[in-house]
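Architecture and fold: a report
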Amino acid sequence: DSTSDLAPSQLERYGIEVIPLYVTFDAESYRDGAELQADDLFRKVGEKSKLPKTAAPSPADFINAFSPSIEAGYDILYIALSSELSSTSQNAMIAADEFPDGRVRVFDSLNLSSGIGLQVMKAAVAAEKGKTMDEIMAILESVRKRVETEFIIDTLDYLYMGGRCSGLQHFIGNMLKIRPVVKVVDGKMILASKIRGKREKALQQLLDNALANKDKMDDELVFVTHAKADEEAVYLRETLLRETRAKEVVITEAGCVISSHCGPQTVGILYITNEGA
């Protein structure tokens, strides 16, 4: 779905289709990435001084998205935003039951953003190599628990507007320039730590955390995913290419759903650790 935050070139290269989530401001509803981009989202939040609501695609949306491929003779693998964060996988499973048994498989990524994207890419590469659906599902089962997803959030404003921190926490955090470090653990977003001080210090901590795992890092693909943090993303990419064995470090931009929870200047490093690491 649209929360996987893959680069357009990756979607095109492997023929990956995307099902958008919804972003709603008052009575106006937009399909993430199709009808609203992150820049538009930030502008609207600034104008309205409140965050949008986000919603999963409905079972009917999934049926409409799946039907053309099923009718064309394809089987479908849908890799979903974490079931701990959204009803997307549940709604997709309801839709899957409307098709012949086994034609649509739903896999819960237990992740978000390009933490999903890493799993999508593993599946896409395996499919291109001629792996069966069962073999791809087995690969995903192995990969899912080894995805490392960590972001630095630059401002507490979006967490405050979204009800994820109190007014007092918001005030003190901004006064002390506290930047939360968020990780995904067991499909949930958790506060891993708080970094006080300059943004450069927070970026260095993010980088240090990733480089601590460089010997265990899967060298095929690493993502640097961000929301309006282009310069920092380039710096992180260049450093990771220099300091790790990664063959490819891809910069992607967070879509509207991810951006609406984290806010501008958010940046993360996402990768897979090797099996047994």
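Keep in mind that this is a model prediction, so the values were computed, not measured.

1. Thoughts on the overall build of the protein chain
Each helix and strand in the protein chain was counted, giving eleven helices and eleven strands. In terms of C-alpha radius of gyration, the protein chain reaches 19 Å, essentially the compact-globule figure of 19 Å for 277 residues. Its C-alpha atoms give the protein chain principal-axis dimensions of about 55 × 50 × 30 Å. For the protein chain, with 277 residues in total, the buried portion stands at 49%. The long-range share in the protein chain, meaning contacts at least 24 apart out of those at least 6 apart in sequence, stands at 76%. Just so you have it, the protein chain exposes about 13,400 Å², and 49% of that area is on carbon and sulfur atoms. Counting 32 positive and 42 negative side-chain charges, the protein chain places the averaged centre of each group 7 Å from the other.

2. As for the environment of E47
As for its placement among the helices and strands, E47 is situated in helix 2 (residues 38–48). A residue is classified by how much of its surface remains accessible, and E47, at 55% relative accessible area, is exposed. With 179 residues separating them along the chain, E47 and H226 place their C-alpha atoms 22 Å apart.

3. Notes on the sheet that holds strand 7 (residues 178–185)
Strand pairing in a sheet relies on backbone hydrogen bonds. The paired strands run either parallel or antiparallel. Strand order in this open sheet of six strands is 8-7-6-11-9-10, and the pairing throughout is mixed. The open sheet has two edge strands, strand 8 (188–196) and strand 10 (249–253), and neither has a second partner. Going across the sheet, the axis of each strand differs from the next one's by a mean of 20°, ignoring polarity. Here four bridges tie strand 9 (residues 222–226) to strand 11 (residues 267–272), and the two strands are oriented antiparallel to one another. Paired with T225 across the bridge in strand 11 is G268. Its contacts with the sheet put helix 10 (residues 230–243) on strand 9, strand 10 and strand 11, and the angle it makes with strand 9 is roughly 165°.

4. Some details on the sheet that holds strand 2 (residues 28–31)
Within the open sheet, the three strands sit side by side as 2-1-3. Their pairing is antiparallel. Every interior strand has two partners, whereas the edge strands, strand 2 and strand 3 (53–55), have only one. On average, each strand axis in the sheet is tilted by 25° relative to the strand beside it, whichever way the strands run. Bridge analysis of strand 1 (residues 22–25) against strand 3 gives three bridges, and the strand direction is antiparallel. Counted as the bridge partner of T24 is K53 from strand 3.

5. Digging into helix 2
Owing to its 3.6 residues per turn, the α-helix brings residues three or four apart onto one side. Where helix 2 is concerned, the buried positions are A38, L41, F42, K44 and V45. On an axial view of helix 2, the arc spanned by its buried residues comes to 165°, and they lie on one face. Exposed residues lying more than 90 degrees from the buried face of helix 2 are D39, G46 and E47. Looking one or two residues past helix 2, S49 carries a phi angle of roughly 55°, positive in sign.

6. Brief notes about the confidence of the model for the protein chain
On average, the protein chain scores 89 in pLDDT, and the residues at 70 or more come to 91%. Note that pLDDT drops below 50 for residues 160–176; the model gives that stretch 23 contacts with residues more than four away or on any other chain.

Calculation rules
Residues numbered from 1 in each chain as written. Predicted model: local features only at pLDDT ≥ 70, side-chain atom pairs only at ≥ 80, totals over all residues. Heavy atoms only, no water. Helix = DSSP H or I, 4+ residues; strand = E, 2+ residues; numbered from the N terminus. Rg over C-alpha atoms; globule rule 2.2 N^0.38 Å. Buried < 20%, exposed > 50% of the residue type's maximum accessible area, 1.4 Å probe, protein only. Contact = heavy atoms within 4.5 Å. Areas by Shrake-Rupley, 256 points an atom, 1.4 Å probe, with all protein chains shown as cover. Lys, Arg positive; Asp, Glu negative; His and termini not counted. Charge placed at Lys NZ, Arg CZ, Asp CG, Glu CD. Pairing = 2+ DSSP bridges. Axes fitted to C-alpha atoms, helices over the stretch in contact; angles between N-to-C directions. Arc of directions from axis to C-beta. pLDDT = per-residue confidence, 0-100.

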